[in-house]
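# Coordinate inspection notes
If you want the building blocks of each chain, they are given just below.
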Amino acid sequence: MKGNDVIRLLVVEDSTTVRKLLVSVFESDPQLSVVGTAESGEAAVQAVASLRPDVVTMDVNLPGMDGFEATRAIMSSFPVPVVIVTGKMDPKASGTLFRVMEAGALMVLPKPEPPGSPGYERSVADLVRHVKLMSEIKVVRRNFGRPPLPPPEPQLPQLAPAAKEQIKVVAIGASTGGPPLLRELMGQLPADFNAAVLVVQHMAEGFTEGFVHWLNQGSRLPVELAVAGSPILPGRVYVAPDGCHLEAGPGSRIHLSSAPPDQGLRPSVSALFRSVALRYGKQAVGVLLTGMGTDGVDGLKCMREQGAVTVAQDRESSVVYGMPGSAVKAGAALYVLPPQGILKLLCGLVQPSPPPTIRSSTDATR
């Protein structure tokens, strides 16, 4: 938003009660103007075409065309920032929620808590703030009917043979635009990837467990919510839970910290990166992906100073170039790469896990 321009908003929600609440919430802010509402996916697509709003709030479960199909149609015809606003879901039933993000939705936000409840004011303020931020993102048209052209092969410096034996941990941080990209990376890392992967993805509370379940459906490596005290094992992916900093602790074990938020964030990417720099040094890789703000920048710089391999996603492939762009500007990234380049680098750095030893019948009788 520039100057005093008003952000034009379309609210898509089939519940009359929730729709009226959302309209009231948004209209209470002088920088927001609700130019229309829709009760179904079909009506949402038509409203976007006729009203051309600056941002759309989209529910997932809609009659007829659901939020996934509606978002696909919008992003392929009249691309506009789409924000999912929905209630908490059973993690096993959250597949559609994250498919909407694959279709182009920028982030997921919870519906406001009931008026009069202790958390109402905070939930409203968070919703309004994030919708304003998302309205500023420049989205692009999606072509879902045609396979994308393969990305150019990234040119990487020759890796030292010894480096392939050193990497024990890959630490990844992401925010806006991160979930589909993380699913893509987890789906392409090989099953014999012999390093642990620690992930901080900025996400509204209540949706992380569903995010982990969704990642697991497409990953060759097991993905789990990080649990305090658990060993950090190669070939596993650990995702930061709601409300805790995920850190590499002593003895190669998970540490979940309730320390104050870092730049207003908990979990914080920088908190993860700093702990990995401390515990693993040269035996680590830090990867900073798409996202708003600067979280992760000082942590990535710390990792580079300790000899770790550090990577920032490139501008062209980032939904938002805030976090990786700030890292590049600060000199924290050794590499600046698109997703396929990041994947190639990780596979080049991390030695495959050795095959299991099979004992012969002769060995068993000795």
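What follows deals with the sheet that holds strand β12 (residues 284-288). With respect to topology, seven strands assemble into an open sheet ordered β8-β9-β7-β6-β12-β13-β14, the strand pairing being parallel. The open sheet has two edge strands, β8 (223-225) and β14 (335-337), and neither has a second partner. In this sheet, neighbouring strand axes are inclined to one another by 20° on average, regardless of whether the strands run parallel or antiparallel. The pairing of β12 with strand β13 (residues 309-313) spans four bridges and is parallel. Within β13, the position partnered with Val287 by the bridge is Val311. Along the sheet, helix α9 (residues 297-305) contacts β12 and β13; its crossing angle with β12, the most-contacted strand, is approximately 155°.

It is worth spelling out the packing of helix α6 (residues 178-188) against helix α7 (residues 208-218) at this point. Each packed pair of helices is defined by two parameters, the angle between the axes and the distance between the axes. Relative to each other, α6 and α7 sit at 35°, their axes nearing to 8 Å. As α6 runs across α7, the sense of the crossing is right-handed. Seen from α6, the contacting residues are Pro179, Pro180, Leu182, Arg183, Met186 and Gly187; seen from α7, they are Phe211, Trp214, Leu215, Gln217 and Gly218. Across the contact of α6 with α7, the residue classes tally to seven nonpolar, three polar and one charged.

Bringing the sheet that holds strand β4 (residues 82-86) into the picture now. The strand order across the open sheet formed by five strands is β2-β1-β3-β4-β5, and the pairing between neighbours is parallel. Every interior strand has two partners, whereas the edge strands, β2 (32-38) and β5 (107-110), have only one. Strand-to-strand twist in this sheet, taken as the mean axis angle between neighbours without regard to direction, amounts to 25°. Contacting β1 (7-12), β2, β3 (55-58) and β4, helix α1 (residues 16-27) runs over the sheet at an angle of about 160° to β2. The sheet strands contacting helix α2 (residues 41-51) are β1, β2 and β3, and the helix crosses β1 at an angle near 165°.

Here we come to unusual backbone geometry. A cis amide bond links Arg266 to the next residue, Pro267, at an omega of 15°. Relative to the helices and strands, Pro267 resides in the loop between β11 (253-257) and α8 (269-280). Despite not being glycine, Gln263 shows a phi value in the positive range, around 55°. Looking at the element boundaries, Gln263 is found in the loop between β11 and α8.

Reading the values: rules and limits
Residues numbered from 1 in each chain as written. Predicted model: local features only at pLDDT ≥ 70, side-chain atom pairs only at ≥ 80, totals over all residues. Heavy atoms only, no water. Pairing = 2+ DSSP bridges. Helix = DSSP H or I, 4+ residues; strand = E, 2+ residues; numbered from the N terminus. Axes fitted to C-alpha atoms, helices over the stretch in contact; angles between N-to-C directions. Contact = heavy atoms within 4.5 Å. Left-handed = near helix turned anticlockwise from the far one by under 90°. Nonpolar A, V, L, I, M, F, W, Y, C, P; charged D, E, K, R; others polar.

Functional significance is not addressed by these values, which are geometric in nature.
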